[in-house]
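Per-entry structural report
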Amino acid sequence: MSSEYSYDEQGQFYPFFVFTLTSIVTLPLTYNLLSPSTDATALAPRIKSSYQPEHADLVQSLRAAQKRKQRKVKRAIAVVIGWAMMAAMMYLIVTTQRTTAKIWNPYDILGVSESASEKQIKSHYRKLGLKYHPDKARPDPAKNETADMLNDKWVELTKAYQALTDEEVRNNYIQYGHPDGKQSFSIGIALPKFIISDGNGKYVVLVYALLLGVMLPYYVGSWWYGTQRMTKEGVLVESANNLFREYTEDMDEGDLVTALSGGKEFQEVLKGDKAESGLSKIESRILAKGEVTPFAGGLTVKDKEKLEDLESGVRRKVLALLWAYLGRVELDDPALNSAKYMVAPIAQSLCGSFRAISLAYGNVGPILASFYTSQRLIQAIPPKASPLFQLPHFTPAVVKAVEGDSRTHITVQEFMDLPDERRKSVVIGKGLLNEEQYKTAVGVAQQLPYFRVEKAFFKVAGERFIIPSSLVTLVVKGRFIPPGSTNVPEVDELDLEDVDPAEDDLDALMGRKKTVKDANGKLVTEKESKPVSPPLTFAPYFSRDYSPKWHVFLSDSKQGKMAVQPFPFTTFDKPIFTDDGKPTYHMQTLKAQFAAPPQANAYSFAMHVVCDSYVGFDTKMEVTLNVEDASKAAAMAAEDEISEPEEDSLAGQMSALKGGSVATKPKRRKDEEDSDDESATEEEEDSTSETNTDTEPES
């Protein structure tokens, strides 16, 4: 048996081959291109305001440039080319004439029925011999017949006859499908023969060499090198190494700003002549005397010394630009102002990398410094400066008018808690705000998502007690109450409970449904709503759209160490604002799971709820985790299980019918019942981990 290759001369098969390969790539790309965006910045609502800061056009152009980078332009081009190629192949598939391979069938060749007997076959063969035998058949010129054609016809008839009458030939036909036995093996290639014939083979080899020897190694190498040079936080490994070397246990926000300037990403922004041009001008502006700070850029004397200790170059200019951005210093140069707004988002991403490094050490100070620096970078506010700078039109003069000579800053919430007339009398005036600017500032403040913690407690799902090494859930209940909100509804006590789903409710256990209590205290299940994103951060100076995140973690106040790592929350289970922008005051639930300590004891922690986008919107409160000894908890649970049923309960009535004992309730006075209700409440409170829900803002 031999083998041979046959090419698709008529173009019947290669369109199918090309169409299939193209569709494997094009269809997933098309789905990815047209599928709804999951980016929070594209789906989240925005805070409504007409406020436009100085250089708003520059900030907007940088945001637009970033969005253009994120667009799927190359993917869209690939999809268009793919669909065009698929359409061309489909056209060929539809229009190309088909040639079907004919199966060798002796009955069809002889022209007899498959039910014909051997006698009938022999008789029919003799008749065909009179017509097609070479000694009797004559070529017909009108039909373009030749003697060779007639000979081939007779050979084919003879083979068919033998396949049906000769035993050996018949066995070949049955076993191999042909009277001559096993035939040669033909390999069909779904490509036209001209591709490799007529000297075109060298081009095919060249294409394969480019695909397999150049493009494939290039793309694989680029992907591998890209994964190796970047951390999971999305910054260069070299930048992370620089931050690691800068880490100290007593770092504050100013120290971190200096450390962030060492990122290698800034070298892409400040290439060539941009590395040092304008550095002296920037430094002279940021080191000028400030209105509410020693220097206009918001630096301290220590920060100034660190800046001056750096050698001239990219890092020193980056650090100067960061202070110019934080202090909102006007540089009177379009190129310098553009660079000032470009470095802030890069520094903010580096801040996340520094936080990951700080978490490995576990010291609370640097961790909080990373969060606070992120807030300042997004809001363009220097470290230790007033949170009031987050409001539109609030200049140093306005902030000074509000705070006076106080050494402690006033938060946005505290300012908005003042009566409206009191606020107006302080901030409206010559050199301060006018009526329209005041309305703009108040309108923005009343849309800021301040998360107020209402209750925090620990629990183990399905258990009354927390035992050592069990999986504990920290449940934080709170509402979004924008500063200056009025007519805030009272907290519904049922909303503060966290109800465990029934053990047989698979949908609730899988998170597809949620178990809650209705107004009558009965357990009901409701469908889990889609996650709700908070409004995009109001950050008019930040050249990126940014979705705020809230982080919850526990720390040991005495040792200054982190006890439970931060859990980030970017979406919530209930709407925060209505469609017309009014707050809903819905109770939100945040949950963080961790392993309980291995020893039974009462553990006191400081719980931090930190927003990475707004200054002064953080909460710190003391919480206590009561871990019971496993044997004690089991004994208490067993005692509850073997207690006698009450007389008026269904179990008590069944026990009485069986002759068993039941616990009877003596008649009591009204004051005794009230006393028992109070004691029962106290016992219920004692059965859970104690929590001090008095909150205080993070300093």
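Note that the coordinates shown come from a computational prediction; the quantities given were computed from them, not determined experimentally. (Residues numbered from 1 in each chain as written. Predicted model: local features only at pLDDT ≥ 70, side-chain atom pairs only at ≥ 80, totals over all residues. Heavy atoms only, no water.)

**Points about the sheet that holds strand E4 (residues 471-480)**
Threshold: Criterion used throughout: strands pair if DSSP finds at least two bridges between them. Labels follow the DSSP assignment, with helices taken as runs of H or I lasting at least four residues and strands as runs of E lasting at least two, numbered in each case from the N terminus. Angles run from 0 to 180 degrees between N-to-C directions of axes, and those axes are lines fitted to C-alpha atoms, restricted for helices to the stretch in contact.
One open sheet holds the 3 strands; their spatial order is E3-E4-E9, and the pairing between them is antiparallel. What marks the edges here is a single partner per strand, and that holds for strand E3 (451-459) and strand E9 (587-595). The average angle at which neighbouring strand axes cross in this sheet is 20°, direction not considered. As defined by bridge partners, E3 adjoins E4 across 8 bridges and the pair is classed as antiparallel. When the bridges of E4 are listed, Phe-451 appears paired with Phe-480.

**Describing the packing of helix H10 (residues 237-246) against helix H16 (residues 334-361)**
Heads up, the condition is: Orientation labels follow simple angle bins: below 35 degrees gives roughly parallel, above 145 gives roughly antiparallel, 65 to 115 gives roughly perpendicular, and whatever is left gives oblique. In this scheme the crossing of two helices becomes right-handed for a clockwise turn of the near helix relative to the far one and left-handed for an anticlockwise turn of less than a right angle. The contact criterion used throughout is that any non-hydrogen atoms of two residues lie within 4.5 Å. Side-chain classes are defined by residue name, with Ala, Val, Leu, Ile, Met, Phe, Trp, Tyr, Cys and Pro counting as nonpolar, Asp, Glu, Lys and Arg as charged, and the others, Gly among them, as polar.
Two numbers describe how H10 lies on H16: the axes approach to 10 Å, and their chain directions differ by 50°. The angle between H10 and H16 falls in the class oblique. Between H10 and H16 the crossing geometry is right-handed. Each of Ser-239, Ala-240, Leu-243 and Phe-244 in H10 lies in contact with H16, whose residues at this interface are Leu-350, Ser-353, Phe-354, Ile-357 and Tyr-361. Broken down by class, the residue content of the contact of H10 with H16 amounts to 7 nonpolar, 2 polar and no charged.

**Thoughts on the packing of helix H15 (residues 314-326) against helix H17 (residues 364-379)**
One can describe the packing of H15 onto H17 by two numbers: an axis separation of 8 Å at closest approach and a directional angle of 70°. For the element pair H15 / H17, the angle class is roughly perpendicular. Contact residues: Leu-322, Tyr-325 and Leu-326 in H15; Arg-376, Leu-377 and Ile-378 in H17. Split by residue class, the contact of H15 with H17 holds 5 nonpolar, no polar and 1 charged.

**Thoughts on the pairing of strand E11 (residues 619-627)**
Remember that side chains alternate between the two faces of the sheet whenever the strand is regular. Formally: Only protein chains enter the accessibility calculation, which uses a 1.4 Å probe; a residue whose area is less than 20% of its type maximum is buried, one above 50% is exposed, and one in between is partly exposed.
Counting buried residues along E11, 7 of its 9 residues qualify, which places the element largely inside the surrounding structure. By the bridge criterion, 9 bridges tie strand E10 (residues 601-611) to E11 in an arrangement that is antiparallel. In the sheet register, Val-609 faces E11, and the bridge partner there is Thr-619.

**Quick look at the packing of aromatic side chains**
The following threshold applies: Only the six-membered ring of Trp is used, alongside the rings of Phe and Tyr, when aromatic pairs are assigned; centres must lie within 6.5 Å, and planes under 30 degrees apart are stacked while those over 60 apart are edge-to-face, with the rest tilted. Put simply, a charge is over a ring when the Lys NZ or the Arg CZ is close to the ring centre, within 6 Å, and near the line of the ring normal, within 35 degrees.
This model, assessed by the stated rule, comprises 19 aromatic pairs. Note on Tyr-125 and Trp-154: the rings are 5.4 Å apart at their centroids and 20° apart in plane angle, and the pair reads as stacked. Linking Tyr-125 in helix H6 (residues 118-132) with Trp-154 in helix H7 (residues 147-165), this pair joins segments that are 29 residues apart in sequence. You'll find Tyr-125 and Trp-154 in the same group, each marked buried. Geometrically, the ring pair formed by Tyr-603 and Phe-605 is stacked, given 6.5 Å between the ring centres and 15° between the ring planes. Taking relative accessible area as the criterion, Phe-605 reaches 10% and is therefore assigned buried. These aromatic residues form a ring-pair network of at least three members: Phe-244, Tyr-247, Phe-354 and Tyr-361. We note Lys-153 situated over the ring of Tyr-132; from NZ or CZ to the ring centre the distance is 5.6 Å. Its end group placed over the ring of Phe-457, Lys-455 keeps NZ or CZ at 4.9 Å from the ring centre.

**Considerations on the pattern of salt bridges**
Operational definition: We define a salt bridge as a contact between a side-chain nitrogen of Lys or Arg and a carboxyl oxygen of Asp or Glu at a distance within 4 Å.
Taken as a whole and judged by the stated rule, the model has 19 salt bridges. In this structure, Arg-285 and Asp-332 form a salt bridge, with 3.0 Å as the shortest nitrogen-oxygen distance. Here Arg-285, found in helix H13 (residues 279-286), pairs with Asp-332, found in the loop between H15 and H16; they are 47 residues apart in sequence, far enough to count as distant. By relative accessible area, which is 27% here, Arg-285 ends up partly exposed.

**Focus: the nonpolar core**
Under the convention used in this document: Within this scheme, the nonpolar core is defined by two criteria: the residues are buried Ala, Val, Leu, Ile, Met, Phe, Trp, Tyr or Cys, and they are joined through side-chain atoms within 4.5 Å.
In terms of nonpolar packing, the biggest core is built from 108 residues, with Phe-394, Phe-458 and Met-607 touching the most fellow members. In terms of residue count, the dominant contributor to this core is H16 (11 residues). Tyr-107, Ile-109, Leu-157 and Leu-164 belong to the second-largest nonpolar core, a separate cluster that totals 15 residues.

**Topic: H10**
Note the threshold: Comment: arc refers to directions from the helix axis out to C-beta atoms.
Residues of H10 that are buried: Ser-239, Ala-240, Asn-242 and Leu-243. The arc that holds the buried residues of H10, viewed along the axis, is 155°, so those residues lie on one side. Looking at the buried positions of H10, the neighbouring elements they touch are helix H11 (253-260) and H16.

**Comments concerning the environment of Arg-355**
Here Arg-355 lies in helix H16. Overall, the relative accessible area of 13% leaves Arg-355 in the buried class. For the pair Arg-355 and Pro-366, spaced 11 residues apart in sequence, the C-alpha to C-alpha distance is 7.6 Å. Discounting residues that sit within four places of it in the chain, Arg-355 has contacts with Ser-370, Phe-371 and Ser-374.

**Thoughts on the side chain of Ser-370**
Stated formally: Whenever a nitrogen or oxygen atom comes within 3.5 Å of another N or O atom, the pair is scored as a polar contact, on the condition that within protein one atom can donate a hydrogen and the other can accept it, and that pairs from neighbouring residues in sequence are kept only if both atoms are in side chains.
If you trace the backbone, Ser-370 turns up in helix H17. A distance of 3.1 Å separates the side chain of Ser-370 from the side chain of Arg-355, its partner in a polar contact. Ser-370 has contacts with Leu-256, Cys-351, Phe-354 and Arg-355, leaving out every residue within four places of it along the chain.

**Observations concerning the side chain of Ser-555**
Along the chain, Ser-555 falls in strand E7 (residues 550-556). Among the residues examined, Ser-555 registers a relative accessible area of 2% and is labelled buried. The contact partners of Ser-555, leaving out residues within four places of it in the chain, are Val-364, Lys-561, Met-562, Ala-563, Phe-605, Ala-606 and His-608.

**Overview of the environment of Asp-573**
As for its position among the elements, Asp-573 is in the loop between strand E8 (561-569) and E9. Distance from Asp-573 to Lys-530, taken between C-alpha atoms, is 6.9 Å for residues 43 residues apart in sequence.

**Some remarks on H16**
In plain terms, the rule: The span you would expect from a helix comes to 1.5 Å times its residue count less one.
Across its 28 residues, H16 extends 41 Å between first and last C-alpha, which sits within 8% of the 40 Å expected from 1.5 Å per residue. Counting buried positions along H16 gives 20 out of 28 residues, so the element sits mostly inside the fold. One side-chain oxygen of the residue at the start of H16 lies 2.9 Å from the amide nitrogen of Ala-335, identifying that residue as Asp-333. Gly-362 sits one or two residues past H16 and shows a positive phi near 85°.

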